[in-house]
Amino acid sequence: MTTVAPVLTSTDVHAAAQRIGRYARRTPVMHTEIDGRALVLKLEYLQRSGSFKLRGALNGLLTGSPTDHVVAASGGNHGLGVATAAALLDMAATVFVPESVPAMKARYIEAAGARLIRHGSTVAEAAEAASEFAAQPGHRFVHPYDDAAVVAGQGTLGVEIVEDAPEVDSVVVAAGGGGLAAGTALAIGDRTTVTVEPTNCRAVHDGLAAGTPVDSPVDSIAASALGASRIGELPLAVLRGHDVESLLVSDEQLLSARDRLWEELRIAVEPAAAAPLAAWLAGQVPGGMPCLVICGANADWKAQ
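Here we summarise the structure given alongside this text.

The rules behind the values
Starting afresh in each chain, residues are numbered from 1 along the sequence in its written order. With pLDDT at 70 or above as the cut-off, local features in this predicted model cover only qualifying residues; side-chain atom pairs require 80 or more to be listed or tallied, and sums for whole chains, interfaces and linings still use all residues. Excluded from the side-chain calculations are hydrogens and water; all other atoms, namely the structure's heavy atoms, are used. Strands are runs of DSSP state E lasting at least two residues, helices are runs of H or I lasting at least four, and both sets are numbered from the N terminus onward. Whether a residue is buried, partly exposed or exposed follows from its accessible area with a 1.4 Å probe, protein chains only, as a fraction of its type maximum: under 20%, in between, or over 50%, in that order. Pairs of residues are marked as contacts when any of their non-hydrogen atoms sit within 4.5 Å. Surface exposure here means Shrake-Rupley accessible area, sampled with a 1.4 Å probe, where a residue is shielded only by the protein chains that are shown. His residues and chain termini do not enter the charge count, which takes Lys and Arg as positive and Asp and Glu as negative. Every charge is mapped onto a representative atom, which is NZ of Lys, CZ of Arg, CG of Asp or CD of Glu. Only centres within 6.5 Å qualify two rings of Phe, Tyr or Trp (six-membered ring in Trp) as a pair; their planes then separate them into stacked at under 30 degrees, edge-to-face at over 60, and tilted for everything else. Cation placement over rings: the criterion is NZ of Lys or CZ of Arg within 6 Å of the ring centroid and within 35° of the ring normal. Axis definition: a line fitted to C-alpha atoms, over the contacting stretch in the case of helices. Angles run 0 to 180 degrees between N-to-C directions. Roughly parallel refers to an angle under 35 degrees, roughly antiparallel to one over 145, roughly perpendicular to one between 65 and 115, and oblique to any angle outside these ranges. In this scheme the crossing of two helices becomes right-handed for a clockwise turn of the near helix relative to the far one and left-handed for an anticlockwise turn of less than a right angle. Polarity classes work like this: nonpolar for Ala, Val, Leu, Ile, Met, Phe, Trp, Tyr, Cys and Pro, charged for Asp, Glu, Lys and Arg, and polar for all others, with Gly in that last group.

1. Overview of the overall build of the protein
Helix and strand counts for the protein stand at 12 helices and 10 strands. When the backbone C-alpha atoms are referred to their principal axes, the protein occupies close to 55 × 45 × 40 Å. Residue burial in the protein is summarised as follows: out of 304 residues, 56% are buried. Counting contacts in the protein only where the partners sit at least 6 residues apart, residues at least 24 apart contribute 69% of the total. When the accessible area of the protein is evaluated, it comes to approximately 11,900 Å², of which 49% is carbon and sulfur surface. Considering the protein, the positive charge centre built from 22 side chains and the negative charge centre built from 33 side chains are found 6 Å apart.

2. Focus: the packing of aromatic side chains
With the rule as written, the count across this model stands at 1 aromatic pair. For the cation-ring pair, Arg-37 lies above Trp-280, with the distance from its terminal atom to the ring centre recorded as 3.8 Å. Stacked on the ring of Trp-262, the Lys or Arg Arg-266 has its end atom at 5.2 Å from the ring centre.

3. Observations concerning the packing of helix 6 (residues 148–164) against helix 7 (residues 179–187)
Relative orientation of the contacting elements helix 6 and helix 7 amounts to 50 degrees, with a least axis distance of 7 Å. As far as their axial angle goes, helix 7 and helix 6 are oblique. Relative to helix 7, the crossing made by helix 6 is right-handed. Together, Val-151, Gln-154, Gly-155, Leu-157, Gly-158, Val-159 and Val-162 of helix 6 and Gly-179, Leu-180, Ala-182, Gly-183, Thr-184, Leu-186 and Ala-187 of helix 7 make up the contact between the two elements. Here the residues of the contact of helix 6 with helix 7 are counted per class, giving 8 nonpolar, 6 polar and no charged.

In structure tokens:
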């Protein structure tokens, strides 16, 4: 269920950009070539907290009702974004995660100052417990993607792309519950928004095909970042009103693309962040000058 009115425009995204600007980094874009083909990369993995999730968390905390304690449920990155935003804004935070949360993400959430609670085997089970916990006085639940303020905050990434690389004609994002995709679609005008998901972790793809949120499998190497079991109602409403193309890639393609980012550009990211490049390498991405969003780097990288 959406937590606010499901009407969003680019004006909301631009307002969010002004609101969070003093806290979030303006991440760079890189013009490059791979296999002799030109493309643009939005290096959002350089964001505070290691992913784009900080943007939505900041806008959610800065616009919601006053609270002393924020609560989140996450496979890792949203929880880390909320924990980091809460620390920046001097708020307490509790983050519920499934038992399967990657150790590195759990460690970083706690290092940001949040209380970490492991619950259940899926993000959905963690979210149910988080919602109950947030019902206490002085607590507020921050949804990872089905919240207008969060979607607008994620869209600030698209505002920067348009300003820094106006020549791009499509923007390619990894998709979980649809929040980043929806915010991007609001921000980039008449350009095409391209969503990329693992074949067995495809809530956005299935929701767009059905025209309504539907339950989807969650079985991928990228599940800790893209593990939503269904698209949010608000993101779906936004995406259905924009030019959107939905693509699927295999886990093998994700891992190969992740390795190519390191081999070609010395960019070290988690598998989910390589989804846009995986689709681009497969020749699936439309447009003559796409921008691929490299959205997160919260994975353990150790010297061999």
